[in-house]
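# An overview of the molecular structure
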Number of protein chains: 2
Amino acid sequence: MMEYPLLLRSILDRANELFPQKEVVSRDYTGIHRYTYADYYRRVCRLANVLRELGVKKGDRVASLAWNNHRHLELYLAVPCYGAVLHTLNLRLFSEQLAYVINHAEDSVIFVDEDLLPLLDGIKEKLGGVRHFVVMTDRRELPATSLSPVHAYEELIASASDNFDFSRDLDEYTPAAMCYTTATTGDPKGVIYTHRGLYLHSMCLGMADSLALSEEDTLLPIVPMFHVNAWGTPFACTWFGSKQVLPGSRPDIKVICDLIVEEKVSLAAGVPTVWMGLLALHRKARYDFSSVRGFVCGGSAAPKSLIQAFDKEVGAPILHAYGMTETTPLVFASKPKSYMKDWPEDKIYDQIAKQGLLVPGLEMKVVDEEGRDVAWDGKQMGELLLRGPWIAKEYYKDPERSMSAFAGGWLHTSDIVTVDEEGFVNIADRSKDLIKSGGEWISSVDLENIIMSHPDVQEAAVIAIPDEKWMERPAACVVLQEDRRGQVEYEDITNFLQGKVAKWWLPDKIIVVDEIPKTSVGKFDKKMLRQRYAGG
Amino acid sequence: MMEYPLLLRSILDRANELFPQKEVVSRDYTGIHRYTYADYYRRVCRLANVLRELGVKKGDRVASLAWNNHRHLELYLAVPCYGAVLHTLNLRLFSEQLAYVINHAEDSVIFVDEDLLPLLDGIKEKLGGVRHFVVMTDRRELPATSLSPVHAYEELIASASDNFDFSRDLDEYTPAAMCYTTATTGDPKGVIYTHRGLYLHSMCLGMADSLALSEEDTLLPIVPMFHVNAWGTPFACTWFGSKQVLPGSRPDIKVICDLIVEEKVSLAAGVPTVWMGLLALHRKARYDFSSVRGFVCGGSAAPKSLIQAFDKEVGAPILHAYGMTETTPLVFASKPKSYMKDWPEDKIYDQIAKQGLLVPGLEMKVVDEEGRDVAWDGKQMGELLLRGPWIAKEYYKDPERSMSAFAGGWLHTSDIVTVDEEGFVNIADRSKDLIKSGGEWISSVDLENIIMSHPDVQEAAVIAIPDEKWMERPAACVVLQEDRRGQVEYEDITNFLQGKVAKWWLPDKIIVVDEIPKTSVGKFDKKMLRQRYAGG
C-alpha cells in the first residue's frame, strides 16, 4: 500500500470537490449567514494566504477565541492545512488561566470574535508574545479595542487571493490542533491533536456503530468548538459534506430549539445540562423535533430518566457517548447490540444509560489499585486506561504530569468504571469524586442519576463530606423543580432511594440549592460544591 | 497522539472481547456449522500455535486455496496477526497460473480445502518450495492425496494450545495479505495488503456513506474470499461483531437464496452476474428477502435495469460499488446525495447506475491521453488515477509493470471514466475494451447496460470488431431469455437502442450466444469473446 499520509487536507478537498452546493449555516451577529462548501473553500484558501502574510510559520500556534460560527470553521481547516496548529481557547477560563494557556502555547496570532474582545483587552499586558490580533466581525471596520497590532478578519480575507496550494508534504504526526483541559490542581494541561489522530477520529464518527455521521445529516454542535473541537464534528461534517448549523454567540436554549426546527437538524451534540434545559423548555413550548434522529450526549453521564424522557416526550433518542479532551474525544458509544432489542424495555434503558462499547480502533484496560484487571461483571470498579491512535501521548510541555497520566504507554483517565458482561462500560465516578465510606466506594454518579429521576428534582450533584466514623459520607446538592420549591424534605428524597441503592449509600444530607455551579465546559463543578458544603 | 500502530490484531481482540456470543455460520461439507466469536478466537489462537509448529516465520507467505468458510476466516486473522502474509489463491486459475503464483509468492505452507486437493495434486511437481500442505476437512482423517508432507487441519488444531500472545510489535506497514490479479497479457500480478491498509479499509466499510456495515448486520459474501479478500468484508465484520454467513463450497444460486432467508441475511455481496441469477430464480420461486437491506454489487457495472428490477421485484436495493484488486477494493459507493431524493425517479436511477462518489480517504484524478484533467461534465472520458492509504504502491516483485501502472505515485487504473457535475464517476470501459470508431470512443459498458434492459435479453457483452473504414465497430454478444430464443432479430435490438444512444454507436452485429464466457472472478471474459468473434 502507498505511504499516503493521513492529513486534514483530504477533508478540505473532498468538501470542495464533491459537495460544493451543500450548506454551512452560521448564526452571526447580524442574523443567519449561509454559504456553501464551495464558498467555504475559497475563504479557507484566502485565510491561508492571510496566515502567510501575517508571517505564520509551519508549526506556529494560531489561537482562536470564538463561538461556534463559520469563521471559526474556516480556521479549523485553514490553520492545520497550512501546517500551523489551531489552539482553540476556552472563552470561559478565568483571565489568569487564559493568559497562562496563551503564553504556555506561545500563540503567535489570536483570532477573536468581536464580543470576546474584552477578555483579551483585560489581559493585554500579559500577551507580549502575540504578534497579531485579528477581530472576527460581520463588518469590515474594527470595533474599539486597545489590542495592537490588530486587524479586521473580513478586511484581510477580502484582500487575499482565492488560490492557495496546500502542501501534501506534511508528516501525518504533524500537530494540527490543540486545546487545554482544566486540572483539579495546578495550571490547565495542553493536549496536541495530530493530523493522523483527527483523520482517524473523523472516520470513526462516520461509522455506523458510533455516530453514523453522513452526508444526509444536518449537524448542530452546541458543544463549543473550543471544547475538544466540538467533539471533532466540524472535521467529520466537512469531510462527509453534511450540512452544518453553527449556533453562534451565546445561544440560549430557545435559540437552539428554533434552529433545530428551522434548519431541520438531524443530529445535535451537547452536554446533559443542555438536554435537561431543552426538555424543560419543550415541556412548555412543544417543538416539532421530527427532523432529529439523535441528540448526542457527552461530557458527563446522561441519567437514565433523561434518556427515557427524550424517547417518550421529545421523540428522538439521546445518543450516549463518552470521551475526554485527551481522547479527541470519542471512546464509548452506547448503542444496544442487535440481540438486546428483544430485552425488556427497562433493561435496555439500564444498558444505554451506561457509556457503552469501546469504538473500533481503541484499546482499554480497567485495573484496580494494584494494577490488576478487574472482572467484567458490572460490579467491580477500576480505573479506565486507554490506548489508541487518537489518544494523547502526553501533556504539552509538561513532563511531570505526563509521566503519571501516561505511565506505561496508557492514558490513565482517573475515571472509575465498571464493565459488564456485554463489555458496556459505566462511569462510576471521577476518581476524585468517588466517596469512600468505611473503606468501600460509593458512586456519586449513580446516586445523582437516581435522585434526578425523582419528579420533584431538576438537578442533583453528590459530593463527599467528612465523617469521623466512616471517613467520608455522601451529601446530595439538589435543585428542585420550580413549582416544588420549599415543599420537599430530606425523607422525600431518601425514601425514594430506598430499595434502589444499598442502605449505606443513602446520603447523610440533602442540601437544597438554587443552582448547581458549572465548570467552563458545563459540567457540575464539584470542586466548588466541596468548598461550599464540605469544608474542603 | 500516541504512535499506536494500525494492526489487524485490534480486529481480532474486539470480536473476542465485545462480541463473544455473536455467530459465524459456515456451510460445511457436512451441513451448517455454527460457532461464536469466542470459539473463533480460541481456534485462531490454536492456529497461530500451529503456524509456529510448522516453522512459519514472520513475513513468510502462507497460502489458502479455499472457499468461503470458517476455516478460511480463521486463516484471515491468524496468519497476519501471527506476522505472516496470507496469500489467497484463486481456485479458478489455470493450473500453470496457479503454480506460477505459488512459486512467485514463495508460499511456504498451503492450506487447502478437501475438494480442491486435485488442483494441487495436478501440479505438485512444480511446488518444490512448499514445506507443508494442510488439508481442511470436517473430519480429522486425511483424504487421499499425493501431496507431502501433508497434515489434517482439525488434527493440528485439536492438539494445539488455546493461548497465543499475538505481538503488538509490528510496523503498521507490515504485509498482512496478498492476492494476484490476472493480467490482459503476461503472468498474474501480485498485490500486497498491509495491516494499515486493511485496517483503514475496514473502517471505511463501516462508514455510513459507504456500506454502513455494523454489528446489526448479517453479511453473506458471495464474492470469494480469494477475490480481494471478499472485498474486505471478513475483516470489517469481525471487527464490528457482525454475524457472518459463509456459503462454502460451490454454492449455487438456490443455496445462496436459501441461506439469505434462513439466516436472515441483511447484506449480501457479489458481482452483477450473481444478482442476475438471483433475480431470474426469484421470478420463479418468490423468496422472502425481507431481512435484506442491500445487495452489494461490484466487480463490474450493475446495469440500471438490474437496479430497478431489484427495487421493484426483490424489494431491497442494489448497493452499487466499485473497486479493484489494487484498491483493497472499495473506491466508489453509489448512494444518492440527500438532495437527490427529490429528483424524478428515473434520474435517480441514472445516477446510482453510476459507480458513485469517491469514499472518504482516497484521492482521484481523471486525465486524458496527454495527462490533462478532463472536465467534470459527465461526458468527457479519461483514465481514472487513484492515490490513498489503501491503494497498492506496486506489483509484487515486478518492477517493470509497476513502473507504468504506478507512474508518478498514482495507480493508473486503465479504467476509462466520466465524472459528472455531482462528482459521480461512471466507468465507461476498461481501456482495452473501449471501442474506437472513427477516432471517437464508444463505451461498451453503456451499450451493454441498455441492451440488457431489453425484456428479451438476459446478458449482453459488447466487443470491438475490426472495420476497414472506421478501424473498429461494436458487436454485441447476446444471451436471450430462455423463452425467447430463436425469436429475436438484429432489428429488435437495434430498434430498441434507437434514441437511447448516438446513431453511430449502434452495433454492426448482434451475435446470439448460449452463454457469455466468464473470467475466474465472474466478469464477462471479453478476451475470449474477441478471440471467438473478432479474430483477435
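### Things to note about the overall build of chain A
A tally of regular secondary structure across chain A gives 17 helices and 25 strands. The C-alpha radius of gyration of chain A comes to 23 Å, within 12% of the 24 Å expected for a compact globule of 536 residues. Here the C-alpha coordinates of chain A stretch approximately 70 × 55 × 50 Å along the principal axes. Relative to its 536 residues, chain A shows a buried fraction of 64%. Put simply, of all contacts in chain A between residues at least 6 apart along the chain, 68% involve residues at least 24 apart. Accessible surface for chain A amounts to roughly 19,600 Å². Of this, 49% is attributable to carbon and sulfur atoms.

### Regarding the sheet that holds strand E16 (residues 357-358) of chain B
All names here are of chain B. Strand order across the open sheet formed by nine strands is E2-E1-E11-E10-E12-E13-E14-E15-E16, with mixed pairing between neighbours. Two strands bound the open sheet, and with one partner strand each, they are strand E2 (31-36) and E16. In this sheet, E16 lies alongside strand E15 (residues 330-334) in antiparallel orientation, the contact comprising two bridges. Each residue of the ladder has a partner; that of Phe-332, found in E16, is Leu-358. Of the strands in this sheet, strand E1 (23-28), E2 and strand E11 (243-246) touch helix H3 (residues 70-82), which is tilted by about 130 degrees from E1.

### Overview of the interface of chain A and chain B
Quite often, the size of an interface is put as the accessible area lost when its parts meet. Each side of the interface is counted separately: chain A has 63 residues, and chain B has 63 residues. Where chain A meets chain B, there are eight salt bridges. Where Glu-363 of chain A meets Arg-168 of chain B, a salt bridge forms, and the shortest distance between an N and an O atom there is 3.3 Å. At the junction of chain A and chain B, the tally comes to 26 residue pairs in polar contact (both at pLDDT 80 or more).

### Describing the domain arrangement of chain A
Partitioning chain A into domains gives domain 1 (9-15 + 30-194) and domain 2 (433-536). Distance from the C-alpha centre of domain 1 of chain A to the C-alpha centre of domain 2 of chain A: 40 Å.

### A look at the packing of helix H1 (residues 9-18) of chain A against helix H2 (residues 37-53) of chain A
Residues and elements named next belong to chain A. Between H1 and H2, the least distance of the axes is 8 Å, while the angle of their chain directions is 135 degrees. Between H1 and H2, the interaxial angle falls into the category oblique. H1 and H2 meet at a crossing whose hand is left-handed. On H2, the residues that touch Leu-12, Asp-13, Ala-15 and Asn-16 of H1 are Tyr-37, Ala-38, Tyr-40, Tyr-41 and Val-44. Residues belonging to the contact of H1 with H2 are distributed by class as follows: seven nonpolar, one polar and one charged.

### Considerations on the relation of the copies chain A and chain B
Mapping chain A onto chain B calls for a rotation angle of 180 degrees and an axial translation of 0.0 Å; the resulting RMSD is 0.0 Å. When the rotation and shift are considered jointly, the pair of chain copies conforms to a two-fold rotation axis. When each C-alpha of chain A is compared by its distance to the rotation axis, Met-207 of chain A comes out closest, at 2.0 Å. A share of 100% of the interface residues of chain A reappears at the interface of chain B, consistent with the copies meeting face to face through the same patch.

### Focus: the pattern of salt bridges
All names here are of chain A. Following the criterion strictly, the structure yields 84 salt bridges over all chains and no others. A salt bridge links Asp-217 to Arg-293, with the shortest nitrogen-to-oxygen separation between them at 2.8 Å. Here the residue Asp-217 occupies a position in the loop between helix H7 (195-205) and strand E10 (218-221), and Arg-293 occupies one in the loop between helix H11 (272-285) and strand E13 (294-297), the gap between them amounting to 76 residues. Judged by its relative accessible area of 4%, Asp-217 falls in the buried class. Taking relative accessible area as the criterion, Arg-293 reaches 34% and is therefore assigned partly exposed. For Arg-283, the salt bridge is made with Glu-313, and the minimal N-O distance between the two is 2.9 Å. Taken together, the residues Arg-283 in helix H11 and Glu-313 in helix H12 (residues 304-314) connect sequence positions 30 residues apart. Residue Arg-283 is classed as partly exposed on the basis of its relative accessible area, which comes to 40%. The network of salt bridges with common partners includes Asp-28, Arg-43, Arg-71, Glu-74, Asp-138 and Glu-154.

Calculation rules
- Residues numbered from 1 in each chain as written.
- Chains lettered and ligands numbered in written order.
- Predicted model: local features only at pLDDT ≥ 70, side-chain atom pairs only at ≥ 80, totals over all residues.
- Heavy atoms only, no water.
- Helix = DSSP H or I, 4+ residues; strand = E, 2+ residues; numbered from the N terminus.
- Rg over C-alpha atoms; globule rule 2.2 N^0.38 Å.
- Buried < 20%, exposed > 50% of the residue type's maximum accessible area, 1.4 Å probe, protein only.
- Contact = heavy atoms within 4.5 Å.
- Areas by Shrake-Rupley, 256 points an atom, 1.4 Å probe, with all protein chains shown as cover.
- Pairing = 2+ DSSP bridges.
- Axes fitted to C-alpha atoms, helices over the stretch in contact; angles between N-to-C directions.
- Salt bridge = Lys/Arg side-chain N within 4 Å of Asp/Glu carboxyl O.
- Polar contact = N/O pair within 3.5 Å; in protein donor to acceptor, adjacent residues only side chain to side chain.
- Domains from an automatic or database assignment.
- Parallel < 35°, antiparallel > 145°, perpendicular 65-115°, else oblique.
- Left-handed = near helix turned anticlockwise from the far one by under 90°.
- Nonpolar A, V, L, I, M, F, W, Y, C, P; charged D, E, K, R; others polar.
- Least-squares fit on C-alpha atoms with pLDDT ≥ 70 in both.

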